[in-house]
Amino acid sequence: MNIFFIGVVVSILVYIVVGIWAGRSVKDVNDYYVSGRNAPTILIAGTLFASMLSVNGFMGDQGWCYSGNITTLVLLNSMCAMGYIAGPLMFGRYLRRSECTTMPEYFGARYCDLKNRRVAGIITAVSLTAYLLSCITGVGILMQELTGLSYELCLFLAWFCFTAFTFYSGSKGVILTDTMMFMVFLIATIIAGPYVFKAQGGIGHLLENLMNNPNIPENLLDYHGNIPGAGATDVFGAVMYAVTMGIIWFITVSVSPWQAGRNMMAKSEHVTFRAGAIAAACTVIFLMYLNLQSVTVLNLNPGMEDPQRVLIWAAFHVMPKLVGTLMLAGIMAAGLSSASTFLSVIGFSITSDIVFVEFKSEKQQLFVSRVIMLILGAISLLLAYTGIGSVRIVTYFASTIIAASWGVSAIGSVVSKKLSATGARWSMIAGFVGFIVTKCLVGFHVGLFATVFINFLDPFFIGIYLSNVIKLR
């Protein structure tokens, strides 16, 4: 046992205590699902950014930067940030006015069709189960680094930690712990930066040292980044990958249940606008600062076998122990905050939107929601044991499901007077199936799909095209 492990354990215990305390104020379904609809700006902004950043932001994306794609990620994040401005203006405020408790319920109420609600609920469950998988994997890797225990045991501990302060308190606990975690990883990253930069000669010499470093990845300093790292074969393909993922994240933070759904908890519409602006600023400025720290490690330890552990290595070997402990607690916080958000949204959707049950009381509904959370969390834990993909790959896959499925129907629900209930439902189904099928074909390198399905024929765009075509019929 070391100071790093003790520090992270203490922070987790604090989150659990806060979650239990928040759970004591949960009186009804409204409190459990949407935190009483009275959350102020700081809580909405905190939960927005914390649930978006996730463990992928500190591990998957940072490993990608370290591997040569910092410029690609900067472009992607800039497009993502616009979603925090456009989302509340174009969609979020109307979602809040609906006074629904879940995003799928909104689709059902907007189109006056329970089938739409069920379809949206199923898509939510599939997408967020994949997201939850990436969080468990990332937090498990960090725990393994801290404790030296087996990876399998660390996955279980990761699952237990976020489940402990989520299933009891619901949204009231999630937005409080999310905001606490947001503060932890924000402060940790700000403090850690100067130590990382100083270790390689100071921030003023970073660019010069990278240019003279023969071990940096190819195209690290080019505007298009590392071409193979973007899954492309030429410059156009690399840039289009960044644009594609930027569009995906723009749509995701605008209409997804764990991002736009936060608008339903806000005290007022002005809160949603202010919180979105704060989240947008953090996405551009904070993440750029974090990305530079990962690239700096190239001058200290090039050629890491597992790039997604770059900041964990820096915390152990570059920062003072207290600062390193704070950084590791921040990474853990990012993973736990997102996991708690995803777990709660999954439980809400399955209980309220997929299986329509006449509960005898709200107390019974709360009990069932908590049981569902445990079951879905256990399924994600079992999937994590299979090691089906890296943190970044699984995260990007999950975000794309929502963007391809919901983008057209969500925006259409507030700007179109002609979009029918049937059109909206089949639009969601077409986007979902179109993306999943083509993504699988590309992943298995099936014939034509192994070569031409890139850029504007990316599986995401196939889903969007089909979603639009079906909507118009």
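Worth saying up front: this structure is predicted, and the values here are computed from it rather than measured. (Residues numbered from 1 in each chain as written. Predicted model: local features only at pLDDT ≥ 70, side-chain atom pairs only at ≥ 80, totals over all residues. Heavy atoms only, no water.)

Participant: Please give an account of the overall build of the chain that cites residues and values.
Facilitator: Helix and strand counts for the chain come out as 17 helices and 0 strands. Relative to the globule expectation of 23 Å for 473 residues, the C-alpha radius of gyration of the chain, 21 Å, shows essentially globular dimensions. Judged by the C-alpha coordinates and their principal axes, the chain covers about 65 × 50 × 40 Å. Out of the 473 residues belonging to the chain, those deemed buried represent 60%. Of the roughly 18100 Å² of accessible surface on the chain, a fraction of 68% belongs to carbon and sulfur atoms. Distance between charge centroids for the chain: 12 Å, based on 27 positive and 20 negative side chains. (Helix = DSSP H or I, 4+ residues; strand = E, 2+ residues; numbered from the N terminus. Rg over C-alpha atoms; globule rule 2.2 N^0.38 Å. Buried < 20%, exposed > 50% of the residue type's maximum accessible area, 1.4 Å probe, protein only. Areas by Shrake-Rupley, 256 points an atom, 1.4 Å probe, with all protein chains shown as cover. Lys, Arg positive; Asp, Glu negative; His and termini not counted. Charge placed at Lys NZ, Arg CZ, Asp CG, Glu CD.)

Participant: Just give me the short version of the side chain of H224, but keep the residues and values in it.
Facilitator: When you line up the elements, H224 lands in the loop between α9 (206-211) and α10 (235-255). Its relative accessible area of 9% is what places H224 among the buried residues. Once residues within four sequence positions are removed from consideration, H224 is found in contact with T71, T72, N219, V235, A238 and V239. (Contact = heavy atoms within 4.5 Å.)

Participant: With reference to specific residues and values, describe the packing of aromatic side chains.
Facilitator: With the rule as written, the count across this model stands at 15 aromatic pairs. With a centroid separation of 5.5 Å and an interplanar angle of 65 degrees, the aromatic rings of F58 and F185 are classed as edge-to-face. Placement of the pair is F58 in helix α3 (residues 41-58) and F185 in helix α8 (residues 170-199), with a sequence separation of 127 residues. Across the pair, exposure class does not vary: F58 and F185 are buried alike. Seen in terms of ring centroids, Y106 and F107 are 5.6 Å apart; in terms of plane orientation they differ by 70 degrees. Their pairing is edge-to-face. Note on accessibility: Y106 and F107 belong to one class, buried. Taken together, F49, F58, F182, F185 and F286 form an aromatic cluster joined through their ring pairs. Above the ring of Y111, the side-chain terminus of R110 is found at 4.8 Å from the ring centroid. (Phe/Tyr/Trp six-rings, centres within 6.5 Å; stacked < 30°, edge-to-face > 60°. Lys NZ or Arg CZ within 6 Å of the ring centre and 35° of its normal.)

Participant: How would you summarise the pattern of salt bridges if you had to cite specific residues and measurements?
Facilitator: For the structure on display, the rule yields 4 salt bridges. Residues R97 and E269 are paired through a salt bridge, measuring 2.5 Å at the closest nitrogen-oxygen approach. Linking R97 in helix α4 (residues 60-97) with E269 in helix α11 (residues 269-296), this pair joins segments that are 172 residues apart in sequence. For the salt bridge of D353 with R117, the shortest nitrogen-to-oxygen distance reads 2.7 Å. Here D353, found in helix α13 (residues 321-354), pairs with R117, found in helix α6 (residues 114-147); they are 236 residues apart in sequence, far enough to count as distant. On the basis of relative accessibility, which here comes to 0%, the residue D353 falls in the buried class. (Salt bridge = Lys/Arg side-chain N within 4 Å of Asp/Glu carboxyl O.)

Participant: Please set out unusual backbone geometry residue by residue, giving values where relevant.
Facilitator: Of note in the backbone geometry, E99 takes a positive phi value of approximately 60 degrees without being a glycine. Relative to the helices and strands, E99 is located in the loop between α4 and α5 (103-110). One non-glycine residue, N219, adopts positive backbone phi at about 65 degrees.

Participant: Tell me what's going on with α5, and back it up with residues and numbers.
Facilitator: Of all 8 residues making up α5, 6 are buried, and the element is well covered by its neighbours. For α5, the set of buried residues is M103, P104, E105, Y106, F107 and G108. The positive-phi residue at the C-terminal boundary of α5 is C112, with phi of around 50 degrees.

Participant: Explain α4 to me, and be specific about the residues and the numbers.
Facilitator: In this model α4 runs just 36 Å from its N-terminal to its C-terminal C-alpha over 38 residues, more than 12% under the 56 Å that 1.5 Å per residue would give. At G68, α4 shows its maximal kink, close to 125 degrees. Just downstream of α4, E99 is the residue with a positive phi angle, here 60 degrees. (Expected span 1.5 Å × (residues − 1). Bend = angle between axes of the 7 residues up to and from the residue.)

Participant: Can you lay out the packing of α6 against helix α16 (residues 421-443) for me, pointing to particular residues and giving the numbers?
Facilitator: Between two packed helices, the angle of one axis relative to the other and the distance separating the axes together describe the packing. Orientation of α6 relative to α16, taken along the N-to-C sense of each, is 20 degrees, at an axis distance of 9 Å. The orientation of α6 with respect to α16, classified from their angle, is roughly parallel. Between α6 and α16 the crossing geometry is left-handed. Taken together, the residues of α16 that come into contact with α6 (itself represented by K115, N116, V119, A120, I123 and V126) are A421, A424, R425, M428, I429 and F432. Split into classes, the residues belonging to the contact of α6 with α16 amount to 9 nonpolar, 1 polar and 2 charged. (Axes fitted to C-alpha atoms, helices over the stretch in contact; angles between N-to-C directions. Parallel < 35°, antiparallel > 145°, perpendicular 65-115°, else oblique. Left-handed = near helix turned anticlockwise from the far one by under 90°. Nonpolar A, V, L, I, M, F, W, Y, C, P; charged D, E, K, R; others polar.)

Participant: Outline the packing of α5 against α6, supporting the account with residue identities and numerical values.
Facilitator: α6 packs onto α5 with a crossing angle of 160 degrees between their chain directions and a minimal axis gap of 7 Å. Taken together, the axis directions place α5 and α6 in an arrangement best described as roughly antiparallel. α5 and α6 meet at a crossing whose hand is right-handed. Where α5 abuts α6, its residues P104, E105, F107 and G108 lie against N116, R117, A120, G121 and T124.

Participant: Please give an account of the nonpolar core that cites residues and values.
Facilitator: Counting residues in hydrophobic clusters, the biggest one holds 138 residues, and the most contacted among them are F58 and F286. No other element matches α13, which puts 17 residues into this core. When neighbours within four sequence positions are excluded, F58 is seen to be in contact with L53, F185, T189, F286, L290, Q308, L311, M327, G330, I331 and A334. (Core = buried A, V, L, I, M, F, W, Y, C linked by side-chain atoms within 4.5 Å.)

Participant: Go over the environment of T47 with me, naming the residues and quoting the values.
Facilitator: Structurally, the position occupied by T47 is in helix α3. Along the chain, T47 and F182 lie 135 residues apart, while their C-alpha atoms are 7.5 Å from each other. Filtering out sequence-adjacent residues up to four positions away, T47 remains in contact with I175, D178, T179, R262 and T341. Looking at T47, its side chain comes within polar contact range of the side chain of R262, at 3.3 Å. (Polar contact = N/O pair within 3.5 Å; in protein donor to acceptor, adjacent residues only side chain to side chain.)

Participant: Hey, could you go over a nonpolar patch on the surface for me, with residue numbers and the actual values?
Facilitator: A cluster of nonpolar side chains, contributed by I42, M183, I187, I190, I191 and Y195, occupies part of the molecular surface with about 500 Å² of accessible area. Examining the composition of the nonpolar patch, we find that 5 residues originate from one element, α8, more than from any other. Note on placement: I191 falls in helix α8. (Patch = residues over 30% accessible without salt bridge, like charges linked within 9 Å, V, L, I, M, F, W, Y side chains within 5 Å.)

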